[in-house]
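Each chain, letter by letter, is given below.
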Amino acid sequence: MINFSILDNNHIDYIVKVGSYKRFSIRIKDRVVIINYPKRTNKLLADEFIEKNLGLIKKYLNQEQFICNYELESPYLIKGTTYIIKLGNEFKIDDELKYIYVTSNNKVNIKKELDNYLNTIIQSYYLASLNNCLLKMKDDIKNIPNLIIKQSVRNWGYCSPKKNLIMLNRSLIHVPYPLFEYVICHELSHFVYLNHSKDFHNLLKKYLPNERILKKELKKYPIVY
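1. Here we look at the pattern of salt bridges
With the rule as written, the count across this model stands at 8 salt bridges. The salt bridge partner of E71 is K107, with a shortest N-O separation of 3.6 Å. Here E71 is found in the loop between α3 (54-64) and β4 (75-78), whereas its partner K107 is found in helix α4 (residues 107-136), with 36 residues between them in sequence.

2. Observations concerning the pairing of strand β5 (residues 81-87)
Bridging between β4 and β5 involves 4 bridges; their strand directions are antiparallel. Bridge pairing in β5 places Y76 opposite Y83. Taken together, β4 and the strand that follows it, β5, pair antiparallel across an intervening segment of 2 residues, in which K79 is found at a positive phi of about 55°. Of the pairings in the sheet, the one linking β5 to strand β7 (residues 99-102) comprises 4 bridges and is parallel in character.

3. Some points on the packing of helix α5 (residues 177-189) against helix α7 (residues 211-218)
The contact between α5 and α7 brings their axes to 10 Å, and the two run at 110°. Between α5 and α7, the interaxial angle falls into the category roughly perpendicular. Judged by the sense of rotation from one axis to the other, the crossing of α5 with α7 is left-handed. Along its contact with α5, which presents P178, L179, Y182 and V183, the element α7 presents E211, L214, K215, E217 and L218. The residue makeup of the contact of α5 with α7, split by class, is 6 nonpolar, no polar and 3 charged.

4. A few points about α7
Looking at α7, one finds that the buried residues are E211, L214 and L218. Along the long axis of α7, the arc covered by the buried residues comes to 60°, so they all point the same way. With respect to the buried face of α7, the exposed residues turned more than 90 degrees away are I213 and K216.

About the cut-offs
Sequence order sets the numbering: in each chain, residues are counted from 1 along the sequence as written. The predicted origin of the model limits local features to residues at a pLDDT of at least 70 and limits the giving and counting of side-chain atom pairs to 80 or more, whereas totals for whole chains, interfaces and linings rest on all residues. Water and hydrogen atoms play no part in the side-chain values, which are based on all heavy atoms of the structure. Just to be clear on terms, a salt bridge is a Lys or Arg side-chain nitrogen sitting within 4 Å of an Asp or Glu carboxyl oxygen. Under the DSSP-based scheme used, a helix requires at least four consecutive residues in state H or I and a strand at least two consecutive residues in state E, with every element numbered from the N terminus. Paired strands are those between which DSSP finds at least two bridges. All axes are obtained by fitting lines to C-alpha atoms, using only the stretch in contact for helices, and the reported angles, taken between N-to-C directions, cover 0 to 180 degrees. Angles are sorted into four bins: roughly parallel if under 35 degrees, roughly antiparallel if over 145, roughly perpendicular if 65 to 115, and oblique for all others. By definition, turning the near helix anticlockwise from the far helix through less than a right angle yields a left-handed crossing, and turning it clockwise yields a right-handed one. Here a residue-residue contact requires only that any non-hydrogen atoms of the pair lie within 4.5 Å. Each residue is assigned to one of three groups, with Ala, Val, Leu, Ile, Met, Phe, Trp, Tyr, Cys and Pro labelled nonpolar, Asp, Glu, Lys and Arg labelled charged, and all others, Gly among them, labelled polar. Any residue under 20% of the maximum accessible area for its type is buried, any over 50% is exposed, and the rest in between are partly exposed; the area is computed with a 1.4 Å probe on protein chains only. To be clear, the arc concerns the directions from the helix axis to the C-beta atoms.

Written as structure tokens, this is what we have:
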């Protein structure tokens, strides 16, 4: 049996699969690290590989608690609130019990029901959130940018002051509002300062004094939910 002390010391559960793999690889499922370990590999190389990727392992373990498997009894995040998916006679959100009732136990159908629900609330929620931030930053932001909502695998948001637009990632519907607000205010600050200079951060801190903490907290969430 192959053990990795660095994972044991960090209290990380893992499984080592030894086989005719061409290279080391790691995947994470249900908060367990699965390591594909090529046969006849020097253990020192394996230790170096795990140590090099320890930061990424911790990052993805933190994120996995928020990832939905689209199965009954799975957690599902909406605006930072965790709901549990239950089977019911109709689609329903129970804010008291923190349940989401779906009408099917099929993963594809569950995802469709949840996506359909999000489609009914995203546009108004994003517009209201953007307007709140514009009102908050009215002393520095004079123009009202056009809003684009789309799924991005790279950015929580981006902006184009020249085109007067701001893009917000669809996955922001899952994070708590303070983190959503941070992304919007961050992008709006670029309408004043295009780079990440000291002046940029001073402007952002003017409205979000804890912007560094919010940035760090946002990294716990998967950018593609």
